[in-house]
Amino acid sequence: MIFDAIRESHDLQRDLCRKLTASRGDRAARQVLFLQLKVELMAHAAAEERYLYVPLLMENGGLDASRHALHEHHEIDELLDDLSVRNKKQAGWIATAKKLSFKVRHHLKEEESKFFQVAGRLLSKTKKKQLARKYTQEIVRMRRHYGAEYETVVVAASSGLVKPAKRAADRPATRGRASAGAHLRGSSEPRRTR
Ligand SMILES: [Fe+2]
Ligand SMILES: [Fe+2]
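Because the structure is a prediction, the values reported are computed rather than measured. (Residues numbered from 1 in each chain as written. Chains lettered and ligands numbered in written order. Predicted model: local features only at pLDDT ≥ 70, side-chain atom pairs only at ≥ 80, totals over all residues.)

### Quick word on the overall build of the chain
Tallying secondary structure elements over the chain gives six helices and two strands in all. Evaluated residue by residue, the chain yields a buried proportion of 29% over its 194 residues. (Helix = DSSP H or I, 4+ residues; strand = E, 2+ residues; numbered from the N terminus. Buried ≥ 20, exposed ≤ 12 C-beta atoms within 10 Å, placed from the backbone.)

Written out as structure tokens, the structure is:
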């Protein structure tokens, strides 16, 4: 069912929001938690827009709910942009992270308690099954797409979830290579850190 598949990502988002807003002291840990949340939010929004809100937009009764949800996705994107700075210990950063967490929780609650019911009424059983399959493939594809931008997170091959990358110190030594990191990433292009 499409709604169960979507809820799995919602639970991950809630967990990452809680960990991020509680993060103290360790700058690197905060950076990784932020990127895990950022990639999850972006991948989820893309998959959900394509395989829930586009079909819903095509129904007259689904216009209000889908427009409202897309607007909130945009607001979440803007907060992610504000938070994508090098220094995540700077004044105001954690206050903005709390604002993001509040906005995300509000959005998820509204989807789960209102928009899913609207979609449930408007989409046929067969359509919902088909959308669940497509959404599930798409979220993993989009986690890989956004995750590839960053050096400190990876998408696990087995689970398809965004995980912290192994630190250079934890990787097996690679003899005779000038840049083991670049080799492991399969590219000499520098990755983004924010
Ligand atoms: Fe959403
Ligand atoms: Fe959602």
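Alright, that's what it looks like, and here's the rest.
### Things to note about the confidence of the model for the chain
In this model, the chain carries a mean pLDDT of 91, and residues with pLDDT of at least 70 account for 88%. The low-confidence segment residues 174-185 (pLDDT under 50) makes 10 contacts with residues lying over four places distant or belonging to another chain. (pLDDT = per-residue confidence, 0-100. Contact = placed C-beta atoms within 7 Å.)

### Some words on the nonpolar core
Counting residues in each nonpolar core, the largest one holds 39 residues, and the members touching the most others are Leu20, Leu37, Leu52, Tyr135 and Val153. Going through the elements one at a time, helix H1 (2-22), helix H2 (27-57), helix H3 (63-83), helix H4 (93-122), helix H5 (125-147) and strand S1 (153-155) are the ones with two or more residues in this core. It is H2 that provides the largest number of residues to this core, a total of 15 residues. (Core = buried A, V, L, I, M, F, W, Y, C linked by C-beta atoms within 7 Å.)

### Some points on the environment of Val104
Inspection of the secondary structure assignment puts Val104 in helix H4. When the C-alpha positions of Val104 and Glu75 are compared, they lie 9.6 Å apart, and in sequence the two are 29 residues distant. Filtering out sequence-adjacent residues up to four positions away, Val104 remains in contact with Gln13, Cys17 and Ile76.

### Section: the packing of H1 against H5
Contact pair H1 / H5: the axes reach a minimum separation of 8 Å and the direction vectors enclose 25°. Our classification of the angle between H1 and H5 gives roughly parallel. The residues of H5 that touch H1, namely those facing Ile2, Ala5, Ile6 and Ser9, are Lys128, Leu131, Ala132, Tyr135, Thr136 and Ile139. The class makeup of the residues in the contact of H1 with H5 is seven nonpolar, two polar and one charged. (Axes fitted to C-alpha atoms, helices over the stretch in contact; angles between N-to-C directions. Parallel < 35°, antiparallel > 145°, perpendicular 65-115°, else oblique. Nonpolar A, V, L, I, M, F, W, Y, C, P; charged D, E, K, R; others polar.)

### Some details on the packing of H1 against H4
For the pair H1 and H4, interaxial distance at closest approach is 10 Å and the crossing angle is 160°. Judged by the angle between their axes, H1 and H4 are roughly antiparallel. In terms of crossing hand, the pair formed by H1 and H4 is left-handed. Residue-level inspection shows Phe3, Arg7, His10, Gln13, Arg14, Cys17, Leu20 and Thr21 of H1 in contact with H4, the latter providing Ile94, Ala97, Lys98, Ser101, Val104, Arg105, Leu108, Glu112 and Phe116. Taken together, the residues that form the contact of H1 with H4 break down as eight nonpolar, four polar and five charged. (Left-handed = near helix turned anticlockwise from the far one by under 90°.)

### Details of H4
Helix length check: H4, at 30 residues, gives a terminal C-alpha distance of 41 Å against a target of 44 Å (1.5 Å per residue), a fit within 8%. At Glu111, H4 shows its largest bend, some 45°. Along H4, the positions that sit buried rather than exposed are Ala97, Leu100, Ser101, Val104, His107, Leu108, Glu111, Phe115 and Ala119. In this structure, the buried side of H4 is in contact with H1, H2 and H3. (Expected span 1.5 Å × (residues − 1). Bend = angle between axes of the 7 residues up to and from the residue.)

### Regarding the environment of Ala47
On the secondary structure map, Ala47 appears in helix H2. For Ala47, a count of 23 C-beta atoms within 10 Å gives the class buried. A sequence separation of 89 residues divides Ala47 from Thr136, and the C-alpha atoms of the two residues are 8.0 Å apart.

### What about H1?
An ideal rise of 1.5 Å per residue puts 30 Å on 21 residues; H1 measures up with 31 Å between its terminal C-alpha atoms. Those residues of H1 that sit buried are Ile2, Ile6, Ser9, His10, Gln13, Leu16, Cys17 and Leu20. Projected down its long axis, H1 carries its buried residues within an arc of 130°, all on one side. What points out from H1, more than 90 degrees from its buried face, is the exposed set Asp4, Asp11 and Ala22. Where the residues of H1 are buried, they touch H2, H4 and H5. (Arc of directions from axis to C-beta.)

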